[in-house]
Amino acid sequence: MKQDEGEKPPKKRFIAGAVCPRCGQMDRIVNYRQNDKNYRECVACGFKDEIRLQSSPRELATRVHRPAGEEEIAVPVKIIQP
């Protein structure tokens, strides 16, 4: 893919521990963004494909984490002495 004049080359970052699906080399995969798409590329064998990122999973409602808009209802506690 030819870049337009004046367009900066994408900033490529290595992915630690990643293994190339084609050649099996470890730590040779770079990740970069170009034209609003994410790509991974092996610098050893030239393998390249588009990465489709999934949205992060929804946080489950627990006592520690409550969904936005859901407030805790305060209930008074009565202490009874024996």
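The rules behind these values
- Residues numbered from 1 in each chain as written.
- Predicted model: local features only at pLDDT ≥ 70, side-chain atom pairs only at ≥ 80, totals over all residues.
- Heavy atoms only, no water.
- Salt bridge = Lys/Arg side-chain N within 4 Å of Asp/Glu carboxyl O.
- Pairing = 2+ DSSP bridges.
- Helix = DSSP H or I, 4+ residues; strand = E, 2+ residues; numbered from the N terminus.
- Buried < 20%, exposed > 50% of the residue type's maximum accessible area, 1.4 Å probe, protein only.
- Contact = heavy atoms within 4.5 Å.

A. Representation of the pattern of salt bridges in the model. Tallied over the full model, the rule gives three salt bridges. A salt bridge links D49 to R40; its shortest N-O distance comes to 2.7 Å.

B. Focus on the pairing of strand 4 (residues 48–51). Both strand 3 (residues 37–42) and strand 4 contribute to a ladder of four bridges, which runs antiparallel. Across the sheet, N38 pairs through a bridge with I51, a residue of strand 4. Hairpin remark: strand 3 followed by strand 4, antiparallel, with five residues in the connecting loop; positive phi at G46, about 90 degrees.

C. The arrangement of the environment of N31 in detail. One can find N31 in strand 2 (residues 29–34). For N31, a relative accessible area of 30% translates into the label partly exposed. When the C-alpha positions of N31 and K11 are compared, they lie 8.4 Å apart, and in sequence the two are 20 residues distant. When residues no more than four places from it in sequence are discounted, the contact partners of N31 are K11, K12, R13, I15, Y39, R40 and I51.

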